[in-house]
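Report on the structure
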Amino acid sequence: MVKKIFLSALAASLAFVAPASGVEQRVDSVLSMMSLREKIGQLNQLNTRGDKQECLDIVAAGEVGSIINENHPDVVRRLQKTAVEKSRLGIPLIFGRDVIHGYHTIFPIPLGQAATWNPELVGRGARIAAVEATHDGIRWTFSPMVDVSRDARWGRIAESAGEDPLLNEVMGLALVRGYQGSALSSPTSMAACAKHFCGYGAAEGGRDYNTTWIPEPLLRDVYLKPFKALAKAGVATFMTSFNDINGTPSTGNPFLLRKVLRDEWGFDGVVVSDWDAITEMIAHRVCADKDQAAAMAVNAGTDIDMEGDAYLRCLPELVESGKVDIAVIDNAVRNVLRLKFRLGLFDNPYIGLDSEDKSYAPAHLEAARKMVGESAVLIKNDGILPLAPSVRRIAVVGPMADAAHDQCGTWCLDLEKSHSVTPLAALRERFGRDAVVYAPGLAYSRDRSTAGFKAAIEAARKADVVLFFAGEEAVLSGEAHCLADVVLQGRQSQLLEELALTGTPVVTVLMAGRPLAIRDEVGNSNAVIYSFHPGTMAGPGLVDVITGDVNPSGHLPVTLPLMAGQMPLYYAQKSTGRPAQEIVHIDDIELEAVQSSTGCTSYYLDAGKAPYLPFGYGLSYTTFGYGPVELSSTEIPADGKLIAACTVTNTGSRTGATVAQLYVSDCVASLTRPVKELKAFRKIELAPGESRRLEFELSVSDLGFHQADGSYIVEPGQMNLWIAPDSSTSAPAAAFTITGNRP
Ligand code: GLC
């Protein structure tokens, strides 16, 4: 009885302040009633073990603010009911989960979503994920990951939008809008989480969790850029990264969490640590014990301790002994309470739980299928694609042809593979079982047995075409799954070689979580489609492309290397003082040649300098012509605007889409600058023979860079500009000058 009176009093006290706009007053009102332990409880995130009594007791004691990885609606409801009705103040819980590229309907991995260069489509996928996940009570997703990733060895490149800051920014914004919807308080909205803040993708050697050293100009021009955009756009939460950055772990880094995120960007959301990352500062050897780690993290600006038990265990004593100021705790608690009010949890703690379950709705599957088609990157095509109507017998080979689990890639916590439609199933559906002969040749991507080769070769010999589905099992990319060499595992390449020797045309479809070195495999194929782990609707989406129902329009969000030794490898490289001109390959060097015989410039004797395929590359079943760039002016002041225009024409015989990419280059600057930087892009569809004049408006203020002291500068001088279908363009640049005096 007392509890009910108290709760109604609490509700009344919260109600007296102004409605939604009075969130701060409501936050302060609740804060004023909280004990120290209750405050610290809000900063504790528990990885639930179901609603076992131990978990219910901690919740009832008000010692948990959020729960990670509980998504059974009955358990969510019971835990929430315990928090609201049994804890002293009845503060509701937030339930969070890694909904990274779909919840039940699995979309392509984020790297594949980036390959669409279509933020509207990507945003729709996130909206669908939110609708499906909020039904189970999930109101916080730990997505989008916007870590610029320039090393194919790093397993988490799969979760990123690739190597470019702008592409990560645009895709990250689309995902945030999709997850958070029109209002965070909507039953189908989830708080999004910009992660991993910051510099995680710069892990030395592409080895996960490894150290990073990122000078401030690079940090601000590249790694912080997408995060700043998400903070300004209202992303609800941030997650700290595991890595140390310039010697300080992000989780205990006040430069990142207070100076940049709060003071410069004005972020007022929640910062959650990555999993146990507070305690890991002991392993980083910057903290001697949990007490020191808890103090360092909360003082630096990490609000919530994800499954580390450091805050709950250490902060009470640290505050009581004066080592941590209660004001620091209050500030963190305010951020958490503010998020809960914004999510509408105080008004309805069970919000979302009563919504209709729309998992796998036809519209959801259709959206996933469309994204598979748009994320497919046509790497090579000698004309075998789209398949001719005369094709009667198809040999389906390879370990990824019928891999319901592995086609979905990393981070699919709620994948139900019985819903996956594989390429084999879709081909049988499309062409009939008699027309499709299935001989995988290998059981899984790492399989080293050649026992299945004979049947595969025989099937190939009798077929009109071989469709070879290869790539990586899902577990070979993602967190903690890095590769020192980025090649196809097992005997896949050998199998492809033998398929090619049959003389039957081979179409290779690669499903992978990272860029792979595939020059030889492309050489043994008549056509190659790169499909970054495409998800639930891999089969129908890829068959749409293979048959020509969909004209491929994917473009690479990452550079494809010749070999791992080239890493880190990305288009926005620096020129160096000795840019490579002539390449002398290692096999062409004369015996006893003198040292200077190879030119003394910047390249590898065994790999040259160029990648195998450049960032932004992608073919179509039609062709496109890009006209010369026209500029609104060739002299623009630093505070001016520039219009760059280009006419793009579909010069082929089929309707198709291309991605016009606008790159700039700063010809001379006070710091070395990338040889090209992507500043805008637009995906357009054109009918055969259709031309369209594209206009891009650039603010010259966006063409500057950061200096060593963190200040941003736009320098006068000549700039070059291209509008092209990929980053390797050698078309004549349009030149303009930024006028003004060099400061
Ligand atoms: C993991 C990942 C992070 C994820 C979190 C919760 O270790 O680094 O991306 O959101 O833990 O699962």
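To be clear, the structure that these remarks concern was listed above.
Let us look at the structure shown here. Position labels on residues start from 1 in each chain and follow its written sequence. For this predicted model, a pLDDT threshold of at least 70 governs which residues receive local features, and a threshold of 80 or more governs which side-chain atom pairs are given and counted, while totals over whole chains, interfaces and linings are taken from all residues. Note that water and hydrogens are dropped before the side-chain values are worked out from all heavy atoms of the structure.

As for the sheet that holds strand β26 (residues 717-724)
Across the sheet, five strands lie side by side as β19-β27-β26-β21-β22; this open sheet has mixed pairing. Each end of this open sheet is capped by a strand with a single partner; those strands are β19 (635-637) and β22 (677-686). Taking the axes of each pair of neighbouring strands and ignoring which way they run, one obtains an average angle of 25° across the sheet. In this analysis, strands are considered paired if DSSP registers two or more bridges between them. Numbering of helices and strands starts at the N terminus; helices are DSSP runs of H or I of at least 4 residues and strands are runs of E of at least 2. Inspection of the sheet shows strand β21 (residues 656-666) paired to β26 by six bridges, in the antiparallel sense. When the sheet's bridge partners are listed, Q661 is paired in β26 with A724. The angle between two axes is taken between their N-to-C directions and runs from 0 to 180 degrees, where each axis is a line fitted to C-alpha atoms and a helix contributes only its stretch in contact.

Points about unusual backbone geometry
The omega angle of the peptide bond from S143 to P144 is 15°, so this bond is cis rather than trans. Looking at the secondary structure, you find P144 in the loop between β4 (140-141) and α8 (165-180). Residue M567 is joined to P568 through a cis peptide bond whose omega torsion reads -10°. By secondary structure assignment, the location of P568 is in the loop between α21 (538-547) and β17 (624-626).

Some thoughts on the site of the ligand
Residues in contact with the ligand amount to 13 residues; listed here are only the nearest, D98, R156, K195, H196 and D274. A 3.5 Å cut-off defines polar contacts: any pair of N or O atoms within that distance qualifies, except that in protein one atom must be a possible hydrogen donor and the other a possible acceptor, and neighbouring residues in sequence count only when both atoms are side-chain atoms. Between the ligand and R156, the relevant distance is 2.7 Å, taken from an oxygen atom to a side-chain nitrogen or oxygen of the residue. Note on areas: Shrake-Rupley, 1.4 Å probe, and residue coverage restricted to the protein chains presented here. Look at the ligand: alone it shows 310 Å² of surface, and the protein chains cover 94% of it. Broken down by class, the residue content of the shell around the ligand amounts to seven nonpolar, one polar and five charged. Think of it this way: one heavy atom of a residue within 4 Å of a molecule or strand is enough to make that residue near it. In the scheme used here, Gly and all other residues not listed as nonpolar or charged are polar, with Ala, Val, Leu, Ile, Met, Phe, Trp, Tyr, Cys and Pro taken as nonpolar and Asp, Glu, Lys and Arg as charged.

Describing the packing of helix α17 (residues 423-431) against α21
At a closest axis distance of 8 Å, the pairing of α17 and α21 adopts a crossing angle of 55°. Comparing their axes, α21 and α17 come out oblique. As for how α17 packs across α21, the hand of that crossing is right-handed. Where α17 approaches α21, its residues P423, A426, L427, R430 and F431 are matched on the opposing element by G539, P540, L542, V543 and T547. Relative orientations are named as follows: roughly parallel for angles under 35 degrees, roughly antiparallel for angles over 145 degrees, roughly perpendicular for angles from 65 to 115 degrees, and oblique for any other angle. In this scheme the handedness of a crossing depends on how the near helix is turned from the far one: anticlockwise by less than a right angle means left-handed, clockwise means right-handed. Whether two residues are in contact is decided by their heavy atoms, any of which lying within 4.5 Å being enough.

Quick notes on the pattern of salt bridges
Think of a salt bridge as a Lys or Arg side-chain nitrogen and an Asp or Glu carboxyl oxygen that are within 4 Å of each other. As enumerated under the stated definition, the model contains 31 salt bridges in all. For the salt bridge of D330 with K39, the shortest nitrogen-to-oxygen distance reads 2.8 Å. Taken together, the residues D330 in helix α15 (residues 326-342) and K39 in helix α3 (residues 36-42) connect sequence positions 291 residues apart. With respect to burial, D330 and K39 carry one shared label: buried. For E159, the salt bridge identified is with R156, shortest N-O distance 2.6 Å. Judged on exposure class, the residue E159 and its partner R156 are both buried. One connected set of salt bridges, linked through shared partners, spans E216, R220, K259 and E264. Only protein chains enter the accessibility calculation, which uses a 1.4 Å probe; a residue whose area is less than 20% of its type maximum is buried, one above 50% is exposed, and one in between is partly exposed.

Some thoughts on the packing of aromatic side chains
Geometry of aromatic contacts follows a simple scheme: Phe, Tyr and Trp rings, the Trp one being its six-membered ring, pair when their centres are within 6.5 Å, and the pair is stacked under 30 degrees between planes, edge-to-face over 60, tilted otherwise. As enumerated under the stated definition, the model contains 15 aromatic pairs in all. For the pair W117 and F681, a centre-to-centre distance of 5.0 Å together with 80° between the ring planes defines the contact as edge-to-face. Linking W117 in the loop between α6 (110-114) and α7 (119-134) with F681 in strand β22, this pair joins segments that are 564 residues apart in sequence. You can call W117 buried: its relative accessible area is 1%. Here the aromatic residues W117, Y571, F615, Y663 and F681 are joined through ring pairs into a cluster of three or more. Placement of a positive charge over a ring is assigned whenever Lys NZ or Arg CZ falls within 6 Å of the ring centre and within 35 degrees of the normal to the ring plane. Between R150 and the ring centre of Y570, over which it is positioned, the NZ or CZ distance is 4.1 Å. Over the face of the ring belonging to F696 we find R682, whose NZ or CZ atom lies 4.3 Å from the ring centre.

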